[in-house]
Amino acid sequence: MTASNRIDDRFKSLRDQGRKGLIPYITAGHPNPESTVSLMHQMVESGADLLELGVPFSDVMADGPVIQRACQSALEAGTDLDAVLAMVNDFRKQDPLTPVILMGYMNPLERRGIEPFAQQCAAVGVDALLIVDCPFDEAEQLQATLTAAGLHQIFLVAPTSTEGRIQRMVPMAGGFIYYVSLKGVTGAATLDSASLGPAIQPIRSASELPIAVGFGISTPDQAAAAAQSADAVVIGSALVSRLHDAQSVDQALTIARDYLEPVRAALDHVQSSDGEHAQPSLRQVGA
Amino acid sequence: MVEAAADRLGANVADKQAVDGGQAMPDPRGHFGQYGGKFVSETLMAAIEELELAWLKYRDDHDFQSRLDHDLAHFVGRPSPLYFAERLTEHAGGARIVFKREDLNHTGAHKINNTVGQALLAQAMGKRRVIAETGAGQHGVASATVAARLGMDCVVYMGEEDIRRQAINVYRMKLLGAEVVSVTSGSRTLKDALNEAMRDWVTNVDDTFYIIGTVAGPHPYPALVRDFNAVAGREAKQQFSQQYGQLPDALVACVGGGSNAIGLFHPFIEDRAVRMIGVEAAGNGLSGQAHAASLCAGRVGVLHGSRTYLLDDDQGQIRHTHSVSAGLDYPGVGPEHAWLKDIGRAEYVGVTDDQALEAFYQCTQMEGIMPALETAHAVAYGIKLAASMSKDQSVLINLSGRGDKDIHTVADIDGIEV
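Residues numbered from 1 in each chain as written. Chains lettered and ligands numbered in written order. Predicted model: local features only at pLDDT ≥ 70, side-chain atom pairs only at ≥ 80, totals over all residues. Heavy atoms only, no water.

**Q** How should the overall build of chain B be read in this particular structure?
**A** Helix and strand counts for chain B stand at 16 helices and 14 strands. Taking 2.2 N^0.38 as the reference for a compact globule, 418 residues should give roughly 22 Å; the C-alpha atoms of chain B span a radius of gyration of 20 Å, in line with that estimate. With the C-alpha coordinates aligned to their principal axes, the bounding extent of chain B is approximately 55 × 50 × 45 Å. Relative to its full complement of 418 residues, chain B shows a buried share of 64%. Accessible area of chain B: about 14,300 Å², with a carbon and sulfur share of 50%. The average position of the 38 basic charges and that of the 53 acidic charges among the side chains of chain B differ by 1 Å. (Helix = DSSP H or I, 4+ residues; strand = E, 2+ residues; numbered from the N terminus. Rg over C-alpha atoms; globule rule 2.2 N^0.38 Å. Buried < 20%, exposed > 50% of the residue type's maximum accessible area, 1.4 Å probe, protein only. Areas by Shrake-Rupley, 256 points an atom, 1.4 Å probe, with all protein chains shown as cover. Lys, Arg positive; Asp, Glu negative; His and termini not counted. Charge placed at Lys NZ, Arg CZ, Asp CG, Glu CD.)

**Q** I tried to follow the side chain of B:Asn105 on my own but got confused; where do I start?
**A** Within the secondary structure, B:Asn105 sits in the loop between strand S4 (96-100) and helix H5 (111-124). When sequence neighbours within four positions are dropped, the list of residues in contact with B:Asn105 reads B:Val76, B:Arg78, B:Ser80, B:His110, B:Ile112, B:Asn113 and B:Arg402. (Contact = heavy atoms within 4.5 Å.)

**Q** Explain the interface of chain A and chain B here, please?
**A** As a measure of interface size, the accessible area lost when the parts come together is often cited. If you look at the interface, chain A gives 36 residues, while chain B gives 40 residues. Across the chain A/chain B interface, buried area totals approximately 3,100 Å², and carbon plus sulfur atoms make up 47% of it. Area buried by chain A at its contact with chain B is led by A:Met61, A:Arg111 and A:Glu138, which between them contribute 24% of it. Where A:Arg111 meets B:Asp312, a salt bridge forms, and the shortest distance between an N and an O atom there is 2.7 Å. For the interface between chain A and chain B, the tally reads 22 residue pairs in polar contact (both at pLDDT 80 or more). Taken together, the elements giving at least two residues each to the side of chain A that touches chain B come down to helix H3 (65-76), helix H5 (106-112) and strand S6 (155-157) of chain A. Looking at the side of chain A that touches chain B element by element, the count peaks at 6 residues for H5(A). (Buried area = accessible area lost by both parts, 1.4 Å probe. Salt bridge = Lys/Arg side-chain N within 4 Å of Asp/Glu carboxyl O. Polar contact = N/O pair within 3.5 Å; in protein donor to acceptor, adjacent residues only side chain to side chain.)

**Q** Is there a simple way to think about the packing of H5(B) against helix H10 (residues 221-244) of chain B in this case?
**A** Working note: a packed helix pair is described by the angle between its axes plus the distance between those axes. All names here are of chain B. Orientation of H5 relative to H10, taken along the N-to-C sense of each, is 120 degrees, at an axis distance of 8 Å. Compared by their axis directions, H5 and H10 come out oblique. Regarding H5 and H10, the two cross each other, and that crossing is right-handed. Contacts from Asn113, Asn114, Gly117, Gln118 and Leu121 of H5 reach H10 at Tyr221, Leu224, Val225, Phe228, Asn229 and Val231. (Axes fitted to C-alpha atoms, helices over the stretch in contact; angles between N-to-C directions. Parallel < 35°, antiparallel > 145°, perpendicular 65-115°, else oblique. Left-handed = near helix turned anticlockwise from the far one by under 90°.)

**Q** So what exactly am I meant to see when it comes to the pattern of salt bridges here?
**A** Note that side chains of opposite charge can pair when their charged atoms are close. Using the criterion set out here, one finds 39 salt bridges over all chains in the structure. A:Asp59 is the partner of B:Lys191 in a salt bridge, and the nearest nitrogen-oxygen pair spans 3.0 Å. You can see B:Lys191 sitting in helix H9 (residues 190-203) and its partner A:Asp59 sitting in the loop between strand S2 (51-54) and H3, one on each of two chains. For the pair B:Lys191 and A:Asp59, a shared accessibility class is recorded, and that class is buried. For B:Glu235, the salt bridge goes to B:Lys100, with nearest N and O atoms at 2.7 Å. Here the residue B:Glu235 occupies a position in helix H10, and B:Lys100 occupies one in strand S4, the gap between them amounting to 135 residues.

**Q** Would you explain H9(B) in this entry?
**A** The α-helix advances 3.6 residues per turn, and as a result positions three or four apart in sequence lie on the same side. All names here are of chain B. Counted at 1.5 Å a residue, the expected span for H9 with its 14 residues is 20 Å, and the 20 Å between its end C-alpha atoms agrees. By the criterion of burial, H9 is predominantly enclosed, with 12 of the 14 residues buried. Listing the buried residues of H9 in full gives Leu190, Lys191, Asp192, Ala193, Leu194, Asn195, Ala197, Met198, Arg199, Asp200, Trp201 and Val202. (Expected span 1.5 Å × (residues − 1).)

**Q** Looking at this structure, how should I read the sheet that holds strand S9 (residues 250-254) of chain B?
**A** Adjacent strands of a sheet form backbone hydrogen bonds with each other and so pair up, either parallel or antiparallel. All names here are of chain B. In spatial order, the strands read S3-S4-S14-S9-S10-S13; together these 6 strands make up an open sheet with mixed pairing. Looking at which strands have only one partner, the edges of the open sheet turn out to be strand S3 (82-84) and strand S13 (346-352). If you compare each strand with its neighbour and ignore which way they point, the axes differ by 25 degrees on average. Sheet analysis places S3 next to S4, joined by 3 bridges and oriented antiparallel. Within S4, the residue paired with Leu82 across the bridge is Lys100. Seen against the sheet, helix H13 (residues 335-342) touches strand S10 (275-283) and S13 and runs at an angle of roughly 110 degrees to S13. Strand contacts of helix H15 (residues 373-387): S4, S9, S10, S13 and strand S14 (394-398), with the helix running at about 150 degrees to S9, the strand carrying the most contacts. (Pairing = 2+ DSSP bridges.)

**Q** Just checking my understanding: could you explain the sheet that holds strand S9 (residues 232-235) of chain A for this structure?
**A** Residues and elements named next belong to chain A. Within the open sheet, the 9 strands sit side by side as S5-S4-S3-S2-S1-S9-S8-S7-S6. Their pairing is parallel. With partners counted over all chains shown, the strands left at the sheet margins are strand S5 (152-153) and S6, one partner each. Relative to strand S8 (residues 211-214), strand S7 (residues 177-180) runs parallel, the two being bridged by 4 bridges. The partner of Tyr179 across the bridge, within S8, is Val213.

**Q** Which parts of the structure should I look at to understand the side chain of B:Thr43?
**A** Looking at the element boundaries, B:Thr43 is found in helix H2 (residues 42-59). Take B:Thr43: its relative accessible area is 10%, and that puts it in the buried class.

**Q** So what exactly am I meant to see when it comes to the packing of aromatic side chains here?
**A** What describes a pair of aromatic rings is the distance from one ring centre to the other and the angle between the planes of the rings. Throughout the structure, instances matching the rule amount to 11 aromatic pairs over all chains. Considering the side-chain rings of A:Tyr178 and A:Phe215, the 6.0 Å spacing of their centres and the 85 degrees angle between planes classify their relative orientation as edge-to-face. Taken together, the residues A:Tyr178 in strand S7 and A:Phe215 in the loop between S8 and helix H10 (220-227) connect sequence positions 37 residues apart. Assigned by exposure class, A:Tyr178 and A:Phe215 land together as buried. Between B:Trp201 and B:Tyr210, the aromatic rings sit 5.9 Å apart at their centres with planes inclined by 65 degrees, giving edge-to-face as the arrangement. (Phe/Tyr/Trp six-rings, centres within 6.5 Å; stacked < 30°, edge-to-face > 60°.)

**Q** Mind showing me how you'd approach the confidence of the model for chain A here?
**A** Detailed reading of predicted coordinates is not advised where the pLDDT is low. Chain-level statistics for chain A give a pLDDT mean of 91 and a share of 90% at 70 or above. Here residues 275-287 of chain A is a poorly scored stretch, pLDDT under 50, and it has 22 contacts once near neighbours within four places are set aside; other chains count. (pLDDT = per-residue confidence, 0-100.)

**Q** What should I look at first to understand the environment of B:Ala147 in this one?
**A** Residues and elements named next belong to chain B. Here Ala147 is to be found in helix H6 (residues 138-150). The exposure class of Ala147 is buried, given its relative accessible area of 1%. Through-space distance from the C-alpha of Ala147 to that of Ala119 is 7.1 Å; in sequence the pair is 28 residues apart. Apart from the residues lying within four places of it in its own chain, the contact partners of Ala147 are Val130, Met152 and Cys154.

Written as structure tokens, this is what we have:
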């Protein structure tokens, strides 16, 4: 991986600042297509360090009911692949730095063609793809295409992933490793933060990449607890379920702000457990 | 003649070993050519690897196989007979039409072959709870049945639309002690039930075994479900050789996900002279969108854990499908069928709702055998095919299930209140 990628740059600066990363997820086109780009900017303003944007799919097998409902509503509103790419393109006009990760499923990408899609992603300023139903076992060809376009592929590690699988995945992973903190689908239950440190130890031993923890994090306290051992936390269903109720773009922005700011504040009180870069956060909320 | 038949039979046994023993397909990573594979989230990977190891172990385990054979004989009622459909043969005026009577199995369809096998596997793996998805309800009933027998908890996921269409089977499952969960997402049919069952499995993977009802899904399911269904094809091959001194000229079976078809086809793959024809649901016709014929009218993509032919729109979103038969109303198909299509070993055709209904009546009234609406698709094409062949040839149709469950659907179409 020779080309510089916004994700690598962002995690480097997070590390330098001793700051824990906040990665909110929204489904593109939800609660309505008009709000997505504004929501992306709002999330950055409310403390997001990286953004995960869901590409709507009809059969989201690994997601829970909240994200499934969001996908259905986004599809009904006509959020297709071109619309998603246009949203990122719009976002980039004002924000050249915040990394954007597209999260989705294989079939819509294959229908477009992985190669053209990778090039379109790179052209509008997408930094990585997380393809939920493409584990590293099936990712060889895909990986070469993404790498050629300067995109990272983000892989999931589950509590049930064996050390052997982690070892085989690491050489293919880029950007960061996404640790799924519980057994189940997105939004299913709550995180057991006490077991998190030992659970991610095998990933730390196998890889230098930063680790983000997601699935089951919905409150500021849970985010802070997860960040004790991880470099970043991903928040998805908890935010998306709140956005369901938004009646207007303004309301969606308010919901995102009110939800994310306390999470950001809690993360900023987490002292990095790694002595090397245990510096106070440069960006305390209210400062 | 008898000697020739015996030679043929010997050759058949050798063929079975070549196919089964050689394990030509899938390859060790679960691919049938470019199809199949394990396109699932990492969260499911440990579960399917655990299943694969168990399957590899028990597939060749003598005690396990004896238990399976015992259950197939005494619980399912195997072997199922071959039946010469004399009046339909006369009606078609061509090749001899023979049925493999999977409708006579316990619970009324081929589905029980697979659920008995998978439930024994679940038990051997120490799982206490089984889950299943179902379309027509036959697989749900077959799963609830084996769960009752083995004293396991059973949850069946079923689309809201299918629950409406298959009320009798829903009640049967409840009587058997299963919990039936109505799935209200997406098209509210089989594909959505499958999504929901996967979600349950990934959440409860420690104590739960997912009994997939067809040859779709991630590896090892397509191979595992095929192996449990292939008992029908092995029996049919032997029975046909014994009764007619030769192999059939053509095999015909309906294809939704494709489990009864692959069960019949698989032991014949090396017998190149035997044509294999899978019949998909053409619904209101293949020229429109209201059908479920992924091999005839679909294209290659990724759905439910494997690369295969499927029905999607130009954005890659999975399309809503239509068939009068809930069991065929599925936008994907097992990856081995995709492979057999591409290498030209099997052919796939479509039969419309109307043609299937006509065959349902013909089979019922000429043979006294009421086929499931799924099966009626195979019967419809089998009659047509037989008519185009000569009288010294024969067509073997997999009579995969009986039609009792469809009485309300047919009555509805006829405008009769039952």
